[in-house]
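So the chains spell out like this:
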Amino acid sequence: MQPCDVVIRGGSVFDGAGSAPRTADVGIKDGKVVAVSAEPLPDSARNLDASGKWVIPGMLDVHTHYDAEVLGSPGLGESVRHGVTSVVIGNCSLSTVYAEADDCADMFARVEALPWDAVHSAVKEHKNWDSPRTYVESLAARPLGANVAALLGHSDIRVAVMGLGRATDPQARPTGDELNRMRRMLTDALDAGFLGLSTIRSSFSKLEGTRFPTRQLPSTYASWREYAALNGILRQRNRIHQSTPNLTSRLEIARYFAQSAGRFRKPLKTTLIAGMDVKADRTTARAATTAAWIANTLGKAAFRWQHLPVPFEVYADGVDLVVFEEFGSGVAALNIRDVLKRGELLADEGYRRQFRKDLAKKYGPRVWHRDLYDAQIMSCPEPEVVGKSFGEVADERGIHPADALLDLAVAHGAKLRWRTVIANDRDDVLDWLQRSPHVQVGFADSGAHLRNMAFYNFGLRMLERVHERKFMPIEAAVHRLTGELADWYGLDTGRLHEGARADIAVIDPAGFDGSSAAYAEAPFPGIAGLDRMVNRNDGAVAATLVGGQVVYEYGTFAPGFGSTLHAGTFLTPA
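An unreviewed UniProt entry annotates the protein as Amidohydrolase 3 domain-containing protein of Nocardia ninae NBRC 108245.

Below, the structure is given as structure tokens:
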């Protein structure tokens, strides 16, 4: 055989299909795996020692919001450094394909906790496309650090057709011509290689900006007739519908199951967020997976819950946290973007009475447990409260826990930083969810919620949990993070065999030292003075290869990464 460009030597090679690993050399040439050999391969221009390490297909992150970041900082290094080689953008009804910069910023900023200016400038400065086809060409031409695949956002096309005002007017419905335009937009996107359509029904999803700041995202105002018209195209083309349901309405979730059902027609691939063990309702995980079993078994649906395989830990600066959107007084606070005016509201006794009442509600669907004894203060100008819960501070001061939170938020605003775990805190339930065939590993929200959460290394953390707890074979975990997702989304990646794309992660299990969950921050690319939450467990990834190129090794990116090095590409359904 001809000399290889890269040889990965002597690692435990996992094929991504669930087979047991075997010790082998992996040879790579022209971006493809050309050999997986038990015999040593000849030296190449680049040799990587993988003895004692796992050589796996690069991991997939199927739920990201990198839509703006990929335009100005196309390396997507925060994912690549953790062995992720392919990401899916365009989730939760949000994409930047059709809408203009003002509309994109208004739609992304609040619900995804991204700076309005950052989204606006990324789209305005970099938009050089006028169709899905030219959008694909634009992304593929950038120096991508990871491969990118995309869903088309329903809010994106709804705004482009109806305008932001009508698209978020509860009384407005698209005309027949407008609905046909949306259908053509979706068809054009699928023709260009998009994976499918994303929608949203969640009442958490609010607009930012000065025009309609208290309204929800456009997709939430659509009728099920409108969804059905678009889903019919997806079903015919065997493409995907991703959505965020309204968790306060189980009847609506049943509609997703009905749309996905395939007993008397072709099933519709449907994936929803999120399959979680929610602290506020311990019945949620079992009920969700049971319902999915019924839909998939009896209804012949093609349904998956997206599951985050680690504790769902979130941070907040003051009251800036999306879970406050789920009750009236929380929404009222987040609707006020001016810091001083928000402080006045939080100090008002009438407001506080309602806030205390909202926190005390014991019944009804919710995501946040609202237990302020389970909310730890991480930083604050009052050092005596750091490390304590709001409940503990309240007990010391002889006040209600809600008043402890609001007092500190009024006094210090965003300088009050606190954390809580909303879901996935029980190891045995996490183990069970990760074995369920009705969930897929995803929902990292990579690229969004910059100050609230950091799950960029979710795959590594799952592998570390499996390595330590042994609740499934390592090869099964690798399959869940790679080949299973690639197959479901129809992508030509996620496998490691001769002829496969050379998207590979070399994992060093010696780096599984417990640091993967540690808190860290790093500058957000392209925005001076803004730090985002990240993960830093650089000892666990010996190397990441994308398209056969070594783009990262033990904390160091390759020269030109994200600027001149073209490693990734735009992935289209195989």
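That was the structure; now back to the text.
1. A closer look at the sheet that holds strand β9 (residues 152–153)
Spatial strand order, β9-β10-β11-β12-β13-β17: 6 strands in an open sheet with parallel pairing. The outermost strands of the open sheet, each flanked by one partner alone, are β9 and β17 (439–441). Pairing geometry for strand β11 (residues 240–244) and strand β12 (residues 269–273), over 4 bridges, is parallel. When the sheet's bridge partners are listed, histidine 241 is paired in β12 with threonine 270. Contacts from helix α9 (residues 250–260) reach β10 (196–200), β11, β12 and β13 (302–307), with the element oriented near 135 degrees to β13.

2. Considering helix α15 (residues 401–412)
The first and last C-alpha atoms of α15 sit 17 Å apart over 12 residues, in line with the 16 Å expected at 1.5 Å per residue. Within α15, 9 of the 12 residues are buried, which leaves it mostly tucked inside the rest of the structure. Within α15, burial applies to Pro401, Ala402, Asp403, Ala404, Leu405, Leu406, Leu408, Ala409 and His412. Packing partners of the buried residues in α15 comprise α12 (339–347), α13 (349–360), β15 (376–379), α14 (390–397) and β16 (417–423). Phi for glycine 413, located one or two positions after α15, is positive at around 55 degrees.

3. So, the sheet that holds β16
On the basis of which strands lie adjacent, the open sheet formed by 3 strands has the order β14-β16-β15 and antiparallel pairing. Looking along the sheet, the strands with just one partner apiece sit at the ends: β14 (312–317) and β15. Each neighbouring strand pair of the sheet contributes to a mean axis angle of 35 degrees, computed without reference to strand direction. Examined bridge by bridge, β14 and β16 share 6 bridges and lie antiparallel to one another. Among the inter-strand pairings, valine 314 is bridged to a residue of β16, identified as threonine 420.

4. Remarks on the environment of glutamate 521
Position of glutamate 521 relative to the elements: it lies in strand β19 (residues 520–523). The exposure class assigned to glutamate 521 is partly exposed, which follows from its relative accessible area of 35%. Excluding residues that lie within four positions of it along the chain, glutamate 521 makes contacts with Arg417, Arg451, Asp531, Arg532, Met533 and Val534. Polar contacts involving the side chain of glutamate 521 include one to the side chain of arginine 451, which spans 3.1 Å. Here the side chain of glutamate 521 touches tyrosine 519 through a polar contact of 2.4 Å, side chain to side chain.

5. Re the packing of helix α7 (residues 176–192) against helix α8 (residues 224–237)
Remark: α7 packs on α8, axes separated minimally by 10 Å, with the N-to-C direction vectors making an angle of 25 degrees. As summarised for this structure, α7 and α8 are arranged roughly parallel, according to the angle between their axes. The two elements α7 and α8 cross, and the hand of that crossing is right-handed. Judged by residue contacts, Leu179, Met182, Arg183, Leu186, Thr187, Leu190 and Asp191 of α7 engage Arg225, Glu226, Ala229, Leu230, Ile233, Leu234 and Arg237 from α8. Classifying every residue of the contact of α7 with α8 by side-chain character gives 8 nonpolar, 1 polar and 5 charged.

Scoring rules and cut-offs
- The numbers attached to residues start from 1 for each chain and follow its sequence in the written order.
- Local features in this predicted model are restricted to residues of pLDDT 70 or higher, and side-chain atom pairs are both shown and tallied only at a pLDDT of 80 or more, whereas totals for entire chains, interfaces and linings draw on every residue.
- Computation of side-chain values: all heavy atoms of the structure, hydrogens and water removed.
- Paired strands, as defined in this entry, are two strands with at least two bridges between them according to DSSP.
- Counting from the N terminus, the helices are DSSP H or I runs at least four residues long and the strands are E runs at least two residues long.
- In this description, contact between two residues means that some pair of their heavy atoms is separated by no more than 4.5 Å.
- Comment: axis = line fitted to C-alpha atoms, over the contacting stretch for helices; angle = value between 0 and 180 degrees taken between N-to-C directions.
- What a helix should span is 1.5 Å times the count of its residues minus one.
- For the exposure calls, accessible area comes from a 1.4 Å probe over protein chains only, and a residue counts as buried if that area is under 20% of its type's maximum, exposed if over 50%, partly exposed in between.
- Under this definition, polar contacts are N or O atom pairs within 3.5 Å; protein pairs additionally need one hydrogen-donor-capable and one acceptor-capable atom, and for neighbouring residues in sequence, both atoms have to be side-chain atoms.
- Between 65 and 115 degrees an angle is taken as roughly perpendicular, under 35 as roughly parallel, over 145 as roughly antiparallel, and anywhere else as oblique.
- What makes a crossing left-handed is the near helix being turned counterclockwise from the far one by less than a right angle; a clockwise turn instead makes it right-handed.
- By the convention adopted, Pro, Cys, Tyr, Trp, Phe, Met, Ile, Leu, Val and Ala count as nonpolar, Lys, Arg, Asp and Glu as charged, and the other residues, Gly among them, as polar.

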